Each structure stands twice: as C-alpha cells, then as structure tokens.
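Below, each chain spelled out in residue letters.
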Amino acid sequence: MADSPDFERTMSPLELYEKLTAQGDQVRALKTVKSDKAEIDAAIQLLLKMKLEYKQVTGQDYKAGSPPSENSAPFNGATADGSNDEDTVDPWNVSTTNAKGVDYDKLIVRFGSSKIDQQLVDRIEKVSGQKPHRFLRRGIFFSHRDMHQVLDAYEKQKSFYLYTGRGPSSEAMHVGHLIPFIFTKWLQDVFDIPLVIQLTDDEKYLWKDLTIEECHRFAVENAKDIIACGFDVNKTFIFSDLDYMGASPEFYRNVVKIEKHVTFNQVKGIFGFTDSDCIGKISFPAIQAAPSFSNSFPQIFGSRKDIQCLIPCAIDQDPYFRMTRDVAPRIGYPKPALLHSTFFPALQGAQTKMSASDANSSIFLTDTPKQIKTKVNKHAFSGGKDTVEEHRKHGGNPDVDVSFMYLTFFLEDDEQLEKIRQDYASGALLTGELKKMLIDTLQPMIAQHQERRKQVTDETVKQFMTPRPLNFKH
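Because the structure is predicted, anything quoted here is derived from the model rather than measured.

A few words on the nonpolar core. In this structure, F141, F191, I238, I363 and Y406 are the most contacted members of the largest nonpolar core, which totals 68 residues. Here the element with the most residues in this core is helix α7 (residues 175-191); it accounts for 9 residues. Viewed by domain, this core spans two of them, domain 2 (98-348) and domain 3 (369-455), each represented by three or more residues. Every residue in contact with I363, bar those within four places of it in the chain, is listed here: H174, V175, L347, M354, I372, K375, V376, Y406, L442 and I446. If you look at the next biggest cluster of nonpolar residues, it comprises 37 residues, including V262, I270, A289 and M323.

What follows is the structure, encoded as structure tokens:
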C-alpha cells in the first residue's frame, strides 16, 4: 500500500478533501472485490489517518459530499503533523526561514485565493483608465478574491466601496503600515468611490497589555497618520470600534448576525484560539467582518445591502475575510472581494515583517533624517559580499537585500529600479551605495509625511471620524 499523501502546506483544503474522497472510494472498491484482508485494513488505517490530518489542517471533520468551506484553510503555517519549519502566517505572527521571505505562491494555494496576473493588472488599467500603481506592477499586491467580479460590475456602472483598517497598538506607525493606505488612496482616486477605515482599538485592548484609554488614544493618533496619506474627507469615514459600535445599531446588528453563523469550532480552526483565550477574542472576528457589508453604514449607503465591498489588506488578515465570505450568503449579503499585499520586511531581513514593538526593526513615521540614516546603515540586512573585491567580482543578491526590497515599494521609476537590480547583481553597485539610495528615498518621503501630519488638527480628525453621508455615486 502507498504511503500517506504528503499533506504539505501547498495543498489546499479542497485538494485534501478530494484525496480523502478518493481514498474512501478505494476502500469501498477493495471491499467490493473482496481483496486481501491485510490490504483492506491498511487502506482503512490510511483513511483514518487522512481524516485526522484533514481535521488538523481545516479545523473541520471530513464529511463525504461536503467540501470544505472557504474559511477552512489553516490559521497558520503549520503542516498537518504540527511541524512548522517554513512559513507561519496568521493575523498575529508572520515568520519564515527563507531569506527571500514568505513563499507567496504557496500561500495562494494554501489560502485558496487567486494570483493577480498580468491579465488582471491590464484589466484594472483598462477599466480605471489609469496606469497601474507600482504595487500592482511589481507584485506587491499579488493575490485577490473576486476582483474580476468587482470590475465586471463597475463596467456596468455598479459602484463599490473600499474597506481597510489598522490595529492601533502604538502611537507611532512605521513605513510598513502605510502600504495598504497608499494603495487604498490610489484605488479611491482612480475609481472615485467611498472608503471606510476601521481602527480596531477594541482588538488591541483584548490582545495587548494596554488600558482601554490607551488603545483609544492610539486610534486617534494613528488616524492622523492615515489622514496625512491624503484621503478625501468627502469620501472617507474613519471609525474607532470603541466609538462606533455603541453609536450604530445597524453595525451592531450585523455583528450579531455574523456571530450567530460562526461556531466556536470554526473560529478555533481558523484562528487557533484555545480554551484559555478570553471570550472577547473569540467574538472579535465578527466585528472585523461587519464593515464588509454596506448596511453597517446607513449614513453612507442607507439600508442598501447589495453594494459590493473591496478590501485591500496584507494577506495575514485573510483568515478574517475567509470567515466573512463564508457567512455572507447565509445572511443575505454579497461576499466582499479582496486584494492581498505581501509583507513589508523588517530591517533585519525578510524572515519577519516590520514590527512596531521593535524600534530597530522599523523605520517609524516619526524618525528624523539622522535616525533613518543610522537605522538603514546599521540594521538593514545586506545581500552584498563580505569584501569590496568579492562584491565587485561576484555581485550582490538583490532578492535578499532589504534596501533593495524597500526601494521596490517606494521608488516609482521601473527602469531606474531595474538598473539598480542589475548593477547590484553584477557588482557595479556596492551595498553602501545602495543603502544611500534608500536613505535618499526615505528621508524626503518621511519628512513630507511629517509635514502633512502637522496640518492635521483635532478638528480634522473629528471631521473624518464623525458618522455622516459621503459622496457616493450609486
């Protein structure tokens, strides 16, 4: 009898289900033809083992005729046997052993999403009438769910709205936090649509050792950085969960509807919650799901529940929205569509994403030009060789070099970026010179952000955070 199939992370829950179904058919076939008892027993043992592995991977029991639901992808990178030697990706942890970073092609298969291919990038250009954002051109936003459906509707004059968010765990945000907001602003501008931004101060209170007042204060401070990205006040509503949940009966009703349709077993399977987690954590995913439905914002959309939502976010947030998409048709709402970004790597290398809790892993939006220069020169992981002679002879590796990775996010000119890649790989460009290019790109960018943030008054924040009608072309 063959060995157990390889339940590695590249296999989607649906593929696991199909293998299990085939194994069940095999057992029945062996019994029908009255095969040798030892062969039948071995096939049954394998079937039982596969069922156990299926449950570990999906969080659900195998049922013939019931394929896994969308939210049944595993909550992190662990393989079915519990080992975790490569990529861990969930809403709270991102790590990999690979210096190039997370294997995003494997992640697409594991999460069951679709790759943003050149055809989709070209279509976004055609429908929007604008050159695709550099994040699309360079694969920084690399995966999607139902983006073609959003574009189909938009071509028929059916509008949609944007939803993204931020978990305010500290007063200062870092450059990695800007990625979804830079891209969301571009989407808002080219499609001329409303945007809601959720600040999950309630989540941070539940997960972190912070007071509820601190979390709310961080939300307001983070809102200033978000506003400084240039969002249009007539098309943008920013809200704190701690404020809006109590002020909007419609929002809370949607939270309760979602809660009713997700079992404790499901959230354990999706998010890895344990019996010792507080009950607030277990119900929180419903709060992050609720903005995906247009009637959560009656001041913007009235009672309409048919307006599609598009969510640009980092892919570690996808488990929340797999759950949301699973629930949506059961409560009579359209599934939200998603655009997923890669992670912004820590200065020390792409094995982890940049973290606000480690000052040396991050370039903060409050950093001075001198701090930026010191951090890049001292901490940015290099793909260069140990000596100038070796580097000139063999060249550097741009795929693991953090300075080059950062330039792919922030340098607009594609030709200039490609020349830097080639020069670094050939040895013509040294690590110190590459780091200087990054410093020269980051310093003015962050200084300009700080200048814009200074213009954001408490009154401006209040305008953005007050529930009100927005400019929305139905």
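This paragraph deals with the pairing of strand β7 (residues 236-240). Of all 5 residues making up β7, 5 are buried, and the element is well covered by its neighbours. The side-chain alternation of β7 yields two buried faces, one formed by T236, I238 and S240 and the other by F237 and F239. Note: strand β6 (residues 195-199) against β7, 5 bridges, orientation parallel. Following the sheet pairing, L199 is matched in β7 by S240.

What follows deals with the pattern of salt bridges. A complete count under the given rule lists 30 salt bridges for this structure. Among the ionic pairs, E412 bridges to R137, the shortest N-O distance being 3.1 Å. Placement of the pair is E412 in the loop between α18 (402-410) and α19 (414-426) and R137 in helix α5 (residues 134-137), with a sequence separation of 275 residues. On the accessibility criterion, R137 (23% relative accessible area) is partly exposed. Linked through salt bridges whose partners overlap, the residues forming this network are R134, R137, R138, E412 and D414.

So, about helix α9 (residues 212-227). For α9, built from 16 residues, the straight-helix expectation of 22 Å at 1.5 Å per residue is met to within 8% by its first-to-last C-alpha distance of 23 Å. Every buried residue of α9 is listed here: C215, F218, A219, E221, N222, A223, K224, D225, I226 and I227.

Turning our attention to the sheet that holds strand β3 (residues 114-115). Spatial ordering of the open sheet is given by β3-β4-β9-β8-β5-β6-β7, a layout of 7 strands whose pairing is mixed. The open sheet has two edge strands with one neighbour each: β3 and β7. Contacts between helix α15 (residues 318-327) and the sheet are confined to β4 (141-145), β5 (160-166), β8 (308-314) and β9 (337-341), with β9 contributing the most and set at about 165° to the helix.

What follows deals with the environment of S426. Looking at the element boundaries, S426 is found in helix α19. Placed 201 residues apart in sequence, S426 and D225 show a C-alpha to C-alpha distance of 39 Å. Leave out the neighbours within four places in its chain, and S426 touches R392 and G395.

Turning to the packing of helix α16 (residues 369-379) against helix α20 (residues 431-454), a few remarks are in order. The interhelical angle for the contact between α16 and α20, taken along N-to-C directions, is 150°, at an axis separation of 10 Å. By the angle between their directions, the pair α16 and α20 is classed as roughly antiparallel. Relative to α20, the crossing made by α16 is right-handed. Here P369, I372, K373, V376 and N377 of α16 come into contact with α20, specifically with K435, L438, I439, L442, Q443 and I446.

Another aspect to go through is the layout of surface pockets. By volume, the largest pocket is sized at about 1100 Å³. Looking at the lining of the largest pocket, the elements with two or more residues in it are β5, α7, α8 (201-207), β8 and β11 (349-353). Examining the composition of the lining of the largest pocket, we find that 5 residues originate from one element, α7, more than from any other. Of the residues in the lining of the largest pocket, the class split is 18 nonpolar, 18 polar and 6 charged. The space that makes up the second largest pocket amounts to roughly 880 Å³. In terms of lining residues, the second largest pocket is bounded by 35 residues, among which K100, V102, Y104, G139 and T342 are the most central. When contributions to the lining of the second largest pocket are tallied by element, the ones reaching two or more residues are α3 (104-111), α4 (118-128), α5, β4, β11, α18 and α19. Here the lining of the second largest pocket is composed, by residue class, of 16 nonpolar, 8 polar and 11 charged. Formed jointly, the lining of the second largest pocket draws a minimum of three residues from each of two domains, domain 2 (98-348) and domain 3 (369-455).

The next subject is unusual backbone geometry. Not every positive phi belongs to a glycine, and D146 is a case in point at roughly 65°. Relative to the elements of secondary structure, D146 occurs in the loop between β4 and α6 (147-155). Unusually for a residue other than glycine, D192 sits at a positive phi of about 55°. Checked against the element boundaries, D192 lands in the loop between α7 and β6. By relative accessible area, D192 is classed as partly exposed at 29%.

Nonpolar side chains collect at one region of the surface, where Y205, I212 and L242 lie side by side and expose about 230 Å² of accessible area between them. Looking at the secondary structure, you find L242 in helix α10 (residues 241-247).

Rules used throughout
- Residues numbered from 1 in each chain as written.
- Predicted model: local features only at pLDDT ≥ 70, side-chain atom pairs only at ≥ 80, totals over all residues.
- Heavy atoms only, no water.
- Core = buried A, V, L, I, M, F, W, Y, C linked by side-chain atoms within 4.5 Å.
- Buried < 20%, exposed > 50% of the residue type's maximum accessible area, 1.4 Å probe, protein only.
- Helix = DSSP H or I, 4+ residues; strand = E, 2+ residues; numbered from the N terminus.
- Domains from an automatic or database assignment.
- Contact = heavy atoms within 4.5 Å.
- Pairing = 2+ DSSP bridges.
- Salt bridge = Lys/Arg side-chain N within 4 Å of Asp/Glu carboxyl O.
- Expected span 1.5 Å × (residues − 1).
- Axes fitted to C-alpha atoms, helices over the stretch in contact; angles between N-to-C directions.
- Parallel < 35°, antiparallel > 145°, perpendicular 65-115°, else oblique.
- Left-handed = near helix turned anticlockwise from the far one by under 90°.
- 1 Å grid on protein atoms, 1.4 Å probe; cavity = no way out; pocket = protein on both sides within 12 Å on 5 of 7 lines; lining within 4 Å.
- Points joined across faces, edges and corners; volume = space filled by probe spheres on them.
- Nonpolar A, V, L, I, M, F, W, Y, C, P; charged D, E, K, R; others polar.
- Patch = residues over 30% accessible without salt bridge, like charges linked within 9 Å, V, L, I, M, F, W, Y side chains within 5 Å.
- Areas by Shrake-Rupley, 256 points an atom, 1.4 Å probe, with all protein chains shown as cover.

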